Each structure stands twice: as C-alpha cells, then as structure tokens.
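Letter by letter, the chains look like this.
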Amino acid sequence: MIRLIGRIELRLVAAVSFGLLLFSLAAGFLTYTSAFSEQMQQAAELQQQLMRTVQAQAEVAAFAANEQIAQGVVEGLLASPVISGARLFAGEGFIVERGFGGRGEHRVIHALALYSPVDRVEGVGVLEVLQNDAQVQSEARERACNHVLIMFMQLAFAVCIVFAVARVLVTQPVIRLADALATIRPGSRQRLEIEPWHANDEIGRLTCSANALLEAAAQAVDEVARQRDQLEILATHDQLTGLPLKRLAIDRFQVAVHQAVRAKTSVALLFIDLDAFKSVNDTWGHAAGDAVLKTIAQRLTDTLREADTAARVGGDEFMVILSGIEDARAALKVGDKLVRRLSAPIAYAGQSLHVGASIGVALFPEHGNDLDSLRQQADMAMYAVKRSGKNGVGLAGA
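Remember, it's a predicted structure, so these values are computed and weren't measured experimentally.

Thresholds, definitions, all that
Residues numbered from 1 in each chain as written. Predicted model: local features only at pLDDT ≥ 70, side-chain atom pairs only at ≥ 80, totals over all residues. Heavy atoms only, no water. Helix = DSSP H or I, 4+ residues; strand = E, 2+ residues; numbered from the N terminus. Buried < 20%, exposed > 50% of the residue type's maximum accessible area, 1.4 Å probe, protein only. Areas by Shrake-Rupley, 256 points an atom, 1.4 Å probe, with all protein chains shown as cover. Polar contact = N/O pair within 3.5 Å; in protein donor to acceptor, adjacent residues only side chain to side chain. Contact = heavy atoms within 4.5 Å. Salt bridge = Lys/Arg side-chain N within 4 Å of Asp/Glu carboxyl O. Pairing = 2+ DSSP bridges. Axes fitted to C-alpha atoms, helices over the stretch in contact; angles between N-to-C directions. Arc of directions from axis to C-beta. Core = buried A, V, L, I, M, F, W, Y, C linked by side-chain atoms within 4.5 Å.

(A) Layout of the overall build of the protein. Within the protein one finds 10 helices and 11 strands. The buried share among the 398 residues of the protein stands at 36%. When the accessible area of the protein is evaluated, it comes to approximately 23200 Å², of which 57% is carbon and sulfur surface.

(B) Structural detail: the side chain of glutamine 131. For glutamine 131, the location among the structural elements is in strand S4 (residues 123–131). For glutamine 131, the side chain forms a polar contact with the side chain of glutamine 47, separated by 2.8 Å. Dropping the residues within four chain positions of it, glutamine 131 is found in contact with Met40, Gln47, Val82, Ser84, Val108, His110 and Val136.

(C) Spotlight on the pattern of salt bridges. In this structure the tally under the stated criterion is 9 salt bridges. A salt bridge links lysine 386 to aspartate 273; its shortest N-O distance comes to 2.9 Å. Taken as a pair, lysine 386 in helix H10 (residues 371–387) and aspartate 273 in strand S5 (residues 266–275) lie far apart in primary sequence, 113 residues in all. Judged by its relative accessible area of 10%, aspartate 273 falls in the buried class. Among the salt bridges present, the one from aspartate 282 reaches lysine 278, with a minimum N-O distance of 2.8 Å. Of this pair, aspartate 282 and lysine 278 are both found in helix H7 (residues 277–284), 4 residues apart, which corresponds to roughly one turn of the helix. As far as burial versus exposure is concerned, aspartate 282 and lysine 278 are alike and both exposed. Among the ionic contacts, a cluster of salt bridges with common partners joins Arg87, Glu97 and Glu128.

(D) Expanded view of the sheet that holds strand S10 (residues 356–364). Spatially, the 5 strands line up as an open sheet ordered S6-S7-S5-S10-S11, and their pairing is mixed. Each edge of the open sheet carries a strand with a single partner, namely strand S6 (309–312) and strand S11 (393–395). Adjacent strand axes in the sheet meet at a mean angle of 20 degrees when their direction is disregarded. Taken together, the 4 bridges between S6 and strand S7 (residues 317–325) define a ladder with antiparallel strand orientation. Residue pairing for S7: alanine 311 is matched across the bridge by methionine 319. Running at roughly 140 degrees to S10, H10 makes contact with S5, S7, S10 and S11 of the sheet.

(E) Looking closely at H7. Listed as buried for H7 are Phe277, Val280 and Asn281. Buried residues of H7 fall within an arc of 95 degrees about the axis and therefore sit on the same side. Away from its buried face by more than 90 degrees, H7 exposes Lys278, Asp282 and Thr283. Summarising the contacts, the buried residues of H7 are in contact with S5, helix H8 (286–303) and strand S9 (351–353).

(F) Spotlight on the sheet that holds strand S1 (residues 83–90). The sheet built from 4 strands is open, its strands ordered S2-S1-S4-S3 with antiparallel pairing. Each having just a single partner strand, strand S2 (95–98) and strand S3 (109–115) make up the two edges of the open sheet. Each neighbouring strand pair of the sheet contributes to a mean axis angle of 10 degrees, computed without reference to strand direction. Bridge count for S1 against S2 is 4 bridges, and the pairing is antiparallel.

(G) Broad picture of the environment of glutamate 92. Along the chain, glutamate 92 turns up in the loop between S1 and S2. For the pair formed by glutamate 92 and alanine 65, sequence separation is 27 residues and the distance between their alpha carbons is 9.3 Å.

(H) Here's a closer look at unusual backbone geometry. The omega torsion of the bond from phenylalanine 364 to proline 365 falls at 10 degrees, within 30 degrees of zero and hence cis. By the element assignment, proline 365 lies in the loop between S10 and H10. Of note, the phi angle at alanine 349 is positive, near 55 degrees, even though the residue is not glycine. Among the residues examined, alanine 349 registers a relative accessible area of 65% and is labelled exposed.

(I) Region of interest: the pairing of S3. Side chains His110, Leu112 and Leu114 of S3 all project onto a buried face; the interleaved residues Ile109, Ala111, Ala113 and Tyr115 project onto a face where none is buried. In the sheet, S3 pairs with S4 via 7 bridges, with the strands oriented antiparallel. Bridging from a neighbouring strand, leucine 114 pairs with glycine 125 of S4.

(J) Molecular detail of the environment of valine 126. Structurally, valine 126 can be placed in strand S4. Expressed as a C-alpha distance, the spacing of valine 126 and alanine 58, which sit 68 residues apart in the sequence, is 8.7 Å. Once residues within four sequence positions are removed from consideration, valine 126 is found in contact with Arg87, Leu88, Phe89, Ala111, Leu112 and Leu114.

(K) Summary view of the nonpolar core. The biggest cluster of nonpolar side chains holds 30 residues, and the ones touching the most others in it are Ile272, Ile296, Leu300 and Val320. For this core, the secondary-structure elements that each account for two or more residues are S5, H7, H8, S7, helix H9 (328–342) and S10. With 6 residues, the single largest contributor to this core is H8. Val54, Val74, Leu88 and Val96 belong to the second-largest nonpolar core, a separate cluster that totals 23 residues.

This is how it looks when you write it as structure tokens:
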C-alpha cells in the first residue's frame, strides 16, 4: 500500500509539474513580452523627456539660426546612450545633425516641434533624435529576462511550499491510513480511528468512508454466505414449483441406485405428463397455469415418501424417483395413487380447474441401468397411456 501511495505521489508531482511547466512557459512569455514593451516605452519617454529638456535652447538656436547653440543641443542629446543620432533644422536650409548617416527602414525617430521663443505660436523648426535600437533593445531584453527569472524563482519557491504542505497534510496521513487499513482482517469488527485534527477535513471523511466500507464488508460476508446457499437452491431447484431440477434428480437417482444394489431392491422411475394443461393455459391464462403447476408440485411432495424424489423436467412434465421398490406392482400402486391425487379439481379464482396425469413407469434394473434409458422407457409407456385414453398408469414393456 505504501508503494501504491508512493506511485500516486510521483504521478501527482509529475502531473502538477507538467501543468506548472506549461503555465510557466505561458506566464514567462507574457511576462517577457510585457516587460520588454514596458522598457521600450520607458526608453521612448526618456528620449521625449531629453528633447523637452533642451527644447528651450533648441528653439533659440532655430529662431536665431545659431549653429553653435545647435551643436551644443545635438551633443547634449547624444550624451544619452539611448540616442544614436540628433538633428535640428529650421527654415532657409539651416540644419545641424550628427549620427544620421544612413537611412534604415526600421529606425525609430522621435521628433519635437520647435516654436518661436517670442510668441510661442510661430513654428521655427524641428528637433529629431534617432533611437539607439541596439542599446535600447539590449536593456529591454535584460530587464525582461530579469522579470522572468524573478517570476520563476517565486514560482519554484511556491511549488516547494505547496508540495511540502501537501506531503504533511495529505500524503503522510493517507500513508498512515493505508497502513492501519492493511492491518484489519476481512470481516473484522476493528475500525479506524479518526485523528482529532482531521475530524472535519477530507482525511477524516476518507477515514469515515473506509470505516463504512469495512462495515459493509463485514455485512457482505454474511450476505455472501446467504446468497451462496440461495444460488445453490436456484441452480438445483425450479423457481416456480420449488421442486428439484434434472441436475439434482440425476444425483438423487445415483444415490437410489447404489442403495438398491446394496439392498437388492429396485428403483422405479415415473414419468408424468399432465393432461389438458394446455387447455387451462389457453382458457385461463398463464397465471392459472402457474397455479396449477404449483398445486401439482405440492400434491406430489405430499403423496411421496421422504426418501423419494419428485422433479420438474419440462413445462408440464414431472419425474418421480421411487427408491427401495420391491417390484413393478408396488411402483404401479404408487402411480395409481398419484393419478387420483393429481386429477382432483384445483380451485382457482372461484373456479375448478381440471387436469389429468398420464404416467409411464420403468424399473431399474429391469428396463435400464441409467437414468436416460429408464426415462426413455417410461416416456414410451406414458405415451401408450395417452393413446389408450389418458389419465392412467402404464408399465414399460407391457
């Protein structure tokens, strides 16, 4: 059981780790993207702020077309590592620039409009800066990677705490519960104890469920024994009449034969087929037919000795095994008695139902040494009775 818990724990760790890995990849990508974009935005804001810092000087340089002041503005902007080029130009071809050597398709340029320092209305030029993409992107990537690394460290620390707490609060209590459960024998009245601190949590509920299973198992032991006896009866007895089936009749016949051999007596096999039973079924329905079969079975049981066996072998066919019979005369006498008892009226729903019984008799060992051969002989004798008028007894070979 401990090995089982260990495997469950490993599978839990693997599943949670896989889920966290997927989450970490997605979260890491989002964190990196967000941090990178934020850093790029901050770089753009920094460049705008630098241009606004020198805006007043740039406006004077553009208004007065003063190249010296303009050079000072450009060089001051280039002192920042996030700017690789700066340019100031005004009307009439005045332009001062550095770092705008070539024109790339993806270069980032930020511009600031310059106005007259006199009225702050008339435009006098434009101040532009060229972003140092390599520097800005390098710093953005570094900052984004630091954010991702910190996130992974926090996540790993949280995972360690979660697993440690889960082991203390879940895995170890389950292992103790499993060990205690393994010591309880099937059907035992011993039960698991619930630890006070687990009385109201899932471990306590699991313990209660285990105790309920143990109680159910104890009850099931008795129920299985009872059902085993019932199944044995169902397998060997007819459910409608309660009489033995052919399987049990064969065993009873073998016992009767052994007894007859030792006592030097005979065993009689009576094969019974009800007369007019189909008419009862057709006229009154199957419920009436079932009532007739139950009554016939009860009359057979009441008429025969305890040592004899009456079995149902077909829809309206019965077989009787008479043990310790002296001769054919004694068997025929029992057959006559059965005909009289079975042909008596049967009360059903305020009516009297009438059936008869045609009985064929065969003897061991005169007519055969096994049940099948005796049944065949008795069956032929029974059909001879039906041909001669039904509701009577006939001896095989007569």
